[in-house]
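# Geometric and topological summary
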Amino acid sequence: MNAFDNDDKLDFGQLPPAVDHLLQQGVAAHFTHPELAENAFLTALAMAPDALPAHRCLVKHYNRCRQFDKALGAAQGWVVAAANQAGLPDNWLLWQSAPGSALAALKALAFIHLRNGQPAKAEAAIKRVLALDPEDGVGGSVIAALIDETLLAA
């Protein structure tokens, strides 16, 4: 979700119109009708399993609804979809380099591991993000700081 255009719609990039419409519906319904939002995101993914914005929306939705087990599965699916698009192995431990889209998905997975009470898994994932993105283009340092804070508090 990048920016709003003149019609106050989120710019999800180049997507089939039906998928974009479902994502717009899901975002609009998130706070008032979470079930409708979830269904819209799941339908968008069924229509276009490679649509990374749909994966992102679903992960964010589950996180905001505090459904961390569902968020974890959705984040894992996002990582696999992003890896497939980039021609990377599904196993992020094997990545030698990765584009921002894959790193953003892995960053989200780290965050969801943290929210799901798995700080060691979160730390492993974010360390990989930081190693592959030393300029911090996807903002992995923010999640790393949250992980450090959590580990210090434990």
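Structure: see above.
Heads up: these notes are all about the structure in this document. As the structure is a computational prediction, the values presented were derived from the model and not from experiment. (Residues numbered from 1 in each chain as written. Predicted model: local features only at pLDDT ≥ 70, side-chain atom pairs only at ≥ 80, totals over all residues. Heavy atoms only, no water.)

### Side note on the packing of helix α6 (residues 119-132) against helix α7 (residues 140-153)
In a pair of packed helices, the angle between the axes and the distance between the axes together describe the arrangement. For the pair α6 and α7, interaxial distance at closest approach is 10 Å and the crossing angle is 150°. Taken together, the axis directions place α6 and α7 in an arrangement best described as roughly antiparallel. In the crossing of α6 with α7, the sense of the turn from one axis to the other is left-handed. When α6 is examined against α7, the residues Pro119, Ala122, Glu123, Ile126, Val129 and Leu130 are found in contact with a partner set consisting of Gly140, Ser141, Ile143, Ala144, Ile147 and Leu151. (Axes fitted to C-alpha atoms, helices over the stretch in contact; angles between N-to-C directions. Helix = DSSP H or I, 4+ residues; strand = E, 2+ residues; numbered from the N terminus. Parallel < 35°, antiparallel > 145°, perpendicular 65-115°, else oblique. Left-handed = near helix turned anticlockwise from the far one by under 90°. Contact = heavy atoms within 4.5 Å.)

### Quick notes on the nonpolar core
In this structure, Leu23 and Trp95 are the most contacted members of the largest nonpolar core, which totals 51 residues. Secondary structure elements with two or more residues in this core: α1 (17-29), α2 (34-47), α3 (52-64), α4 (68-86), α5 (100-115), α6 and α7. Each residue touching Leu23, except ones within four places of it in the same chain, is listed here: Phe12, Leu15, Phe41, Ala44, Pro53, Ala54 and Cys57. (Core = buried A, V, L, I, M, F, W, Y, C linked by side-chain atoms within 4.5 Å. Buried < 20%, exposed > 50% of the residue type's maximum accessible area, 1.4 Å probe, protein only.)

### Quick notes on α2
End to end, α2 covers 20 Å across 14 residues, agreeing with the expected 20 Å (1.5 Å per residue, within 8%). Among all positions of α2, only Ala37, Glu38, Ala40, Phe41, Ala44 and Leu45 are buried. One side of α2 holds all its buried residues, which, seen down the axis, span an arc of 160°. Of the exposed residues in α2, those oriented more than 90 degrees away from the buried face are Glu35 and Ala46. (Expected span 1.5 Å × (residues − 1). Arc of directions from axis to C-beta.)

Keep in mind these values describe shape, not function.
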